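# Structural overview
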Amino acid sequence: MGVLYSQVADQLQALIQEGVYREGDRLPGVRVLGRQFGVSISTVLQAHQTLEARGYLEARERSGYFVRLPVQDVPEPRMPKHRSRPVPVTAREMTLDLCADEQKRMVPLATAIPHPDYLPLRQIQQSTLWAARRGLETLDYAFPGKESFRRQIAQRMATIGVPVTPDDILATNGAQEAIILALRAVTQPGDIVAVESPSFPGILQALEVVGLRVIEVPTHPSEGLSLEGLELALDQWPLKACVVVTNHSNPMGARMSDERKKQLVSMLAAADVPLIEDDIYGDLYHTGERPRPAKAFDRADNVIYCSSFSKTISPGLRLGWMIPGRHMASARQHKYFVNLATSSIPQLAVAHFLEQGGYDRYLRSARQHYREATERMRSAVARSFPEGTAVSRPQGGFVLWVQLPEGVSGTGVYQRARAENINVAPGLMFSTTNKFDNCLRLNGGNPWTGTIEKAVARLGALVHEEAAR
């Protein structure tokens, strides 16, 4: 069905682009289109929703669907060209404020948390009830992780080019803990670590927890980490690790090509600098095939792989995993000292969910939802924000990086939006040295509602007002 409605949407879009249906025209009714394309009414409705997300249709209450042409596209943000020195990492109170604000029923455009409507709630409830009935199996310390969970992860890793055994996998409390354990396994307080710039605040917080200094390496919004910038950092500083989100990075949504991943892995292996890979968004690609992680090209056991189900199954389960490779003994030791083990019931529940095949069925719809949601958000930003705005084109995940016109403060927009109960993430959060004050990150993974649409339009108005100051 998912493929069929996409085909109908593509054919209708072609008719619009060829001028068969012009801007402002009302499309024929769903029954007429159903007969025209030989599909069900529900398939036509799904095709309409897809075209709405792409910006080609507008639904008018009690009137039907009308053609509207997408606004002229906006460019991608520019890659920063700054050079940096190692600096201590200090987490901002702003990060904690954003999480607290999302609990206050503000319009949730800030944190990268999947919307409940896009999560497999019913399936995971069923699997959790199944797991809770496992008796004594749920009561022990599951260290280094439930065998059934680690076995399912090993099977999935094999499908993306990473052949491992259950014994190679360590269960963690989300990807955040996995990254912290990886950093503790390969660094000492005061060491220098390279990260993407802009970088996910959770990675910066992990660096602070471990007491590290950071070198920020410029990142292209489509191609990912600058290998030239990383090579310069390797020449100038005694790096002890490099942390990269290779697939659909947060906040830019960049995906490194296989060739660039190979170069990244080879470059760091030659320098004997471990690569800590965060692949939390790898399963949420929008089109094509699941991108391989950098770990798939690791021939020197130099990549520590980290991931979790927080962006797919549930953020509240706090269930992730890592493949530490030759650093397993150290990672296990730190895990045991910090919290002994990861909770048993979530591991058993997710293992059951994966074993039943529900995860892959769910992902097919989730990827379509996130693709349409981010396209719709990007189109809304293009319509509402002033000339000079640039927006990322993510190939996966559900966050958008918005570069505001020259001289406009993203922090100023954030503060004014917050006063109106609209929560956005200011660019200052994504760097240690205040490099991105003219940027915002938006969560594009929400179902499109009137509330979301009005909030984006209001954000655009606030940016216009800031630009006019």
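To be clear, the structure that these remarks concern was listed above.
Parameters and conventions
Residues numbered from 1 in each chain as written. Predicted model: local features only at pLDDT ≥ 70, side-chain atom pairs only at ≥ 80, totals over all residues. Heavy atoms only, no water. Helix = DSSP H or I, 4+ residues; strand = E, 2+ residues; numbered from the N terminus. Rg over C-alpha atoms; globule rule 2.2 N^0.38 Å. Buried < 20%, exposed > 50% of the residue type's maximum accessible area, 1.4 Å probe, protein only. Areas by Shrake-Rupley, 256 points an atom, 1.4 Å probe, with all protein chains shown as cover. Lys, Arg positive; Asp, Glu negative; His and termini not counted. Charge placed at Lys NZ, Arg CZ, Asp CG, Glu CD. Axes fitted to C-alpha atoms, helices over the stretch in contact; angles between N-to-C directions. Parallel < 35°, antiparallel > 145°, perpendicular 65-115°, else oblique. Left-handed = near helix turned anticlockwise from the far one by under 90°. Contact = heavy atoms within 4.5 Å. Nonpolar A, V, L, I, M, F, W, Y, C, P; charged D, E, K, R; others polar. Patch = residues over 30% accessible without salt bridge, like charges linked within 9 Å, V, L, I, M, F, W, Y side chains within 5 Å. Salt bridge = Lys/Arg side-chain N within 4 Å of Asp/Glu carboxyl O. Polar contact = N/O pair within 3.5 Å; in protein donor to acceptor, adjacent residues only side chain to side chain. Pairing = 2+ DSSP bridges. Core = buried A, V, L, I, M, F, W, Y, C linked by side-chain atoms within 4.5 Å. Arc of directions from axis to C-beta.

Scanning the protein chain from terminus to terminus reveals 15 helices and 17 strands. Rg of the C-alpha trace for the protein chain: 23 Å, near the compact-globule value of 23 Å for 469 residues, within the 12% margin. C-alpha extents for the protein chain along the principal axes are approximately 65 × 55 × 45 Å. Counting the 469 residues in the protein chain, one finds 58% classified as buried. For the protein chain, the exposed surface amounts to about 19,900 Å²; the carbon and sulfur share of it is 49%. Distance from the positive charge centre (53 side chains) to the negative charge centre (49 side chains) of the protein chain: 4 Å.

Turning our attention to the packing of helix H7 (residues 174-186) against helix H8 (residues 201-210). Close contact between H7 and H8 brings their axes to 9 Å; oriented N to C, the two are set at 40°. Relative to H8, the element H7 lies oblique. Our pair here, H7 against H8, has a crossing hand that is right-handed. From H7, Gln176, Ile179, Ile180, Leu183 and Arg184 reach across to H8, where they touch Gly202, Ile203, Gln205, Ala206, Leu207, Val209 and Val210. Residue composition of the contact of H7 with H8, grouped by class: eight nonpolar, three polar and one charged.

Let us look at a negative patch on the surface. A cluster of acidic residues, Glu223, Glu228, Glu231 and Asp235, forms a negative patch on the protein surface. One can find Asp235 in helix H9 (residues 227-236). Judged by its relative accessible area of 64%, Asp235 is exposed.

Bringing helix H14 (residues 410-419) into the picture now. For H14, the full list of buried residues reads Gly410, Thr411, Gly412, Val413, Tyr414 and Ala417. A distance of 3.3 Å separates the backbone nitrogen of Thr411 from a side-chain oxygen at the start of H14, and that oxygen is part of Ser409. Immediately beyond the C-terminal end of H14, within one or two residues, lies Asn421, with a positive phi of roughly 65°.

With respect to topology, four strands assemble into an open sheet ordered E13-E14-E17-E16, the strand pairing being antiparallel. Looking at the sheet topology across the chains shown, the edges are occupied by strand E13 (390-391) and strand E16 (425-426). Where E13 and strand E14 (residues 399-403) come together, two bridges link them in antiparallel fashion. Following the sheet pairing, Ala390 is matched in E14 by Gln403.

With that settled, the discussion passes to the pairing of strand E9 (residues 239-244). Counting buried residues along E9, five of its six residues qualify, which places the element largely inside the surrounding structure. Relative to E9, strand E6 (residues 192-197) runs parallel, the two sharing four bridges. From the neighbouring strand, Val195 faces E9, where its bridge partner is Val243. Pairing between E9 and strand E10 (residues 275-278): three bridges, direction parallel. The partner of Val243 across the bridge, within E10, is Ile276.

A word on the nonpolar core. Core analysis: the largest hydrophobic core is formed by 36 residues, its most contacted members being Phe149, Met157, Phe309 and Trp321. In terms of nonpolar packing, the next biggest core, distinct from the first, is built from 27 residues, Leu170, Leu181, Val243 and Ile304 among them.

Glancing now at the side chain of Ser392. Tracing the backbone shows Ser392 in the loop between E13 and E14. Here Trp401 takes part through its backbone nitrogen, which lies 2.9 Å from a polar atom of the side chain of Ser392. Excluding residues that lie within four positions of it along the chain, Ser392 makes contacts with Pro77, Met252, Arg378, Val399, Leu400 and Trp401.

This paragraph deals with H9. If you check which residues of H9 are buried, you get Leu227, Gly229, Leu230, Ala233 and Leu234. Viewed end-on, H9 has its buried residues packed into an arc of 155°, placing them on one side of the element. Among the exposed residues of H9, those oriented more than 90 degrees off its buried face are Glu228 and Asp235. If you follow the buried residues of H9, they end up packed against E6, strand E7 (213-220), strand E8 (224-225), E9 and helix H10 (258-270).

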